[in-house]
Amino acid sequence: MSIGLGLLPIVVQAQTIWDGSADISWYDASQSSFDISTPEQLAGFAQLVNNGTSNFNGKVVNLLADVWLNSTGDSTNNWIMIGGSPTASGETMGTEKYFEGTFHGHGHKIYNMFCDHSNYFQGGLFGAVKIPGIVDSLVLINPVVKARGMAGSFIGFMDDGNSGAAYLKYCLAINTRIEGGN
């Protein structure tokens, strides 16, 4: 009996690059768990937090696919963080929009995030996360973050309050560039 090695098919999937728009059609306020899989849905998630529709406290957002925000690390599409400082000066602390839910990346990757928030504080994929917020199991490849201060690949500012903690766990950033002042 001979055993040969079979060839496994290699599946190459074309990347769908973010077109700069936001899709919130997946959101239903009565639900507690959401699945997103496109860059437009990820931008819609940011829009929902940033405009005050939901801070996702007690809710879970699952990323079900790899996401390409730009074709390379260029500045074609400028990422607006999920939560963060609403003012250019950043001086109005306490008026930030926070993400307070759970974001599961399920090991998926976000490629080529370019976040030029140079005149603001709190730059990153998430601008501001507050207790009981959790971001986990996510990979950022080639992220570029520019902020006035409080910058990070994943989270610019974590507010864990005095009664618990917000968490960033099981995450990896590869080939990161962060520029900040202050």
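Above this text is the structure in question.
Here is what the cut-offs are and how they apply
- Residues numbered from 1 in each chain as written.
- Predicted model: local features only at pLDDT ≥ 70, side-chain atom pairs only at ≥ 80, totals over all residues.
- Heavy atoms only, no water.
- Helix = DSSP H or I, 4+ residues; strand = E, 2+ residues; numbered from the N terminus.
- Buried < 20%, exposed > 50% of the residue type's maximum accessible area, 1.4 Å probe, protein only.
- Contact = heavy atoms within 4.5 Å.
- Salt bridge = Lys/Arg side-chain N within 4 Å of Asp/Glu carboxyl O.
- Phe/Tyr/Trp six-rings, centres within 6.5 Å; stacked < 30°, edge-to-face > 60°.
- Lys NZ or Arg CZ within 6 Å of the ring centre and 35° of its normal.
- Pairing = 2+ DSSP bridges.
- Axes fitted to C-alpha atoms, helices over the stretch in contact; angles between N-to-C directions.
- Polar contact = N/O pair within 3.5 Å; in protein donor to acceptor, adjacent residues only side chain to side chain.

Looking now at the environment of Leu64. Looking at where Leu64 falls in the secondary structure, it is placed in the loop between β2 (60–63) and β3 (67–68). Here Leu64 falls in the partly exposed class, since its relative accessible area comes to 44%. Distance from Leu64 to Gly105, taken between C-alpha atoms, is 7.3 Å for residues 41 residues apart in sequence. Sequence-distant contacts of Leu64, that is, excluding residues within four places in its chain, are made with Asp35, Ile36, Ser37, His106 and His108.

Before going further, it helps to spend a moment on the pattern of salt bridges. Evaluated as defined, the whole model comprises 1 salt bridge. Close ionic contact of Arg177 with Glu179 constitutes a salt bridge, the shortest N to O distance being 3.1 Å. Arg177 gets classed as partly exposed once you look at its relative accessible area, which sits at 41%.

Attention now moves to the packing of aromatic side chains. Applying the stated rule across the entire model yields 15 aromatic pairs. Aromatic pair Trp26 and Phe34: ring centres 5.6 Å apart, planes at 70°, arrangement edge-to-face. A relative accessible area of 14% places Trp26 in the buried class. The ring of Tyr98 has Lys130 lying over it, and the distance from NZ or CZ to the ring centre is 4.9 Å.

Residue Ile131 is joined to Pro132 through a cis peptide bond whose omega torsion reads 10°. Position of Pro132 among the secondary structure elements: in the loop between β6 (126–130) and β7 (134–141). Despite not being glycine, Phe56 shows a phi value in the positive range, around 65°. As for its placement among the helices and strands, Phe56 is situated in the loop between α1 (39–50) and β2.

With respect to the helices and strands, the residue Asn175 is situated in the loop between β11 (172–174) and β12 (177–180). The exposure class of Asn175 is exposed, given its relative accessible area of 58%. Residues Asn175 and Leu140, 35 residues apart in the sequence, show an inter-C-alpha distance of 8.6 Å. Not counting residues within four places of it along the chain, the set of residues in contact with Asn175 comprises Asn142 and Pro143.

The subject of this paragraph is the sheet that holds β12. Sheet architecture is open: 3 strands sit in the order β5-β8-β12, paired in parallel fashion. Every other strand in the sheet has two partners, leaving β5 (114–123) and β12 as the edge strands with one partner each. Averaged over all pairs of adjacent strands, the angle between their axes in this sheet comes to 20°, without regard to strand direction. Bridge count between strand β8 (residues 144–151) and β12: 4 bridges; the pairing is parallel. Of the residues in β12, the one forming a bridge with Val145 is Ile178.

All right, on to the side chain of Ser54 then. Note on placement: Ser54 falls in the loop between α1 and β2. Under the relative-accessibility criterion, Ser54 is labelled buried at 10%. One polar contact links the side chain of Ser54 to the main-chain amide nitrogen of Phe56, over a distance of 2.9 Å. Setting aside its immediate chain neighbours within four residues, Ser54 contacts Tyr27, Leu48, Val49 and Lys59.

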